[in-house]
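Descriptive analysis of the structure
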Amino acid sequence: MSGHAATPKQMARKLARLLRPQRPDYPYLKKVFQHTRELLEVKPSLAKKRLPELLTDSELVGFYEAAWHARNSVHMVMIKLLIYTGLRNAELSQVRLKHVDLDQCQLRVEQGKGKKDRTVLFPASFRGELAQYIGHCREQGATYLFESNRLKPFSTRRIRQIIHQYASEAGIEKRVYPHLFRHQIITYLTRKGIISPKLQLLSGHSEEKSLAIYRDLALADIADEYEAAMRTFPVR
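Report follows, based on the coordinates. No experiment lies behind these values; they were computed from the predicted model shown.

**Here's the deal with the pattern of salt bridges**
- One pass over the structure, following the stated rule, counts five salt bridges.
- Here lysine 80 ties to glutamate 129 by a salt bridge, and the two come within 2.7 Å at their closest N and O atoms. Here lysine 80, found in helix H4 (residues 73–85), pairs with glutamate 129, found in helix H6 (residues 127–139); they are 49 residues apart in sequence, far enough to count as distant.
- Aspartate 117 serves as the salt-bridge partner of arginine 108, at 3.5 Å between the closest nitrogen and oxygen.
- The exposure class assigned to aspartate 117 is partly exposed, which follows from its relative accessible area of 38%.

**Focus: the layout of surface pockets**
- By volume, the second largest pocket amounts to about 410 Å³.
- If you list the elements that add at least two residues to the lining of the second largest pocket, you get H4 and H6.
- Looking at the lining of the second largest pocket element by element, the count peaks at three residues for H6.

**Details of unusual backbone geometry**
- The backbone phi angle of arginine 23 is positive, close to 50°, even though this residue is not glycine.
- Checked against the element boundaries, arginine 23 lands in the loop between helix H1 (8–19) and helix H2 (26–39).
- The exposed category is assigned to arginine 23, whose relative accessible area is 76%.

**Side note on the nonpolar core**
- Core analysis: the biggest nonpolar cluster contains 54 residues, and Phe63, Leu145, Phe146, Val176, Phe181 and Phe233 have the highest contact counts within it.
- At the level of elements, helix H3 (57–70), H4, strand S2 (106–109), strand S3 (118–121), H6, helix H7 (156–169), helix H8 (178–191) and helix H11 (219–230) are the ones that each hand at least two residues to this core.
- Examining the composition of this core, we find that eight residues originate from one element, H4, more than from any other.

**Here we look at the environment of alanine 229**
- Looking at the element boundaries, alanine 229 is found in helix H11.
- With a relative accessible area of 7%, alanine 229 lands in the buried category.
- Taking the C-alpha atoms as reference, alanine 229 lies 9.4 Å from arginine 191; in sequence the two are 38 residues apart.
- Here alanine 229 is in contact with Tyr188, Leu189 and Lys192, once residues within four sequence places are set aside.

Conventions we followed
Residues numbered from 1 in each chain as written. Predicted model: local features only at pLDDT ≥ 70, side-chain atom pairs only at ≥ 80, totals over all residues. Heavy atoms only, no water. Salt bridge = Lys/Arg side-chain N within 4 Å of Asp/Glu carboxyl O. Helix = DSSP H or I, 4+ residues; strand = E, 2+ residues; numbered from the N terminus. Buried < 20%, exposed > 50% of the residue type's maximum accessible area, 1.4 Å probe, protein only. 1 Å grid on protein atoms, 1.4 Å probe; cavity = no way out; pocket = protein on both sides within 12 Å on 5 of 7 lines; lining within 4 Å. Points joined across faces, edges and corners; volume = space filled by probe spheres on them. Core = buried A, V, L, I, M, F, W, Y, C linked by side-chain atoms within 4.5 Å. Contact = heavy atoms within 4.5 Å.

Structure, rendered in structure tokens:
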């Protein structure tokens, strides 16, 4: 008899012959294989998450300057919000004017990832520019912070196109996309000493093992640390 292990298909046939008299349904088979994995102590191997290739400070400044030279106020505010807040692309596209609290330098995210509401911070140095932009939006009768000429919110595809455009103009060869700025700001704030549970509150990440600490934090507890960290951020 060959010492080679049976192939998955061969083993499946053996199991089928054994199980067929039981007339198993799907839930039964699912439980059988669950218990089989437990008895054999087989656990799934977790694939390592691929770390994104972040922009260097000079690349980030170059990207920002490419947008600044275009003199498009909509794009400038959009890019700064992505960079400063770590908002997801889909969240950014749905921000309404009423969600922005200029007094507290906060922005409300409603029904973000996982259908959760949260609040994010932006630096006080950005407040004046954002206030001026919002005033113009209100004069135009806008509802959303970023709208097309047809008074519809920007699509996530359009936001990606805008980011790609300025990355290309800046001569950046790395892949640049809206979510990259989320990684960028979280990495930056981590290096500035803002600890994981506080980052969860800012970013909207949640892990079951950290929820007890997470619930005890208030955004006001983080605001001063965030503001201090952003004073040395490459993009002003």
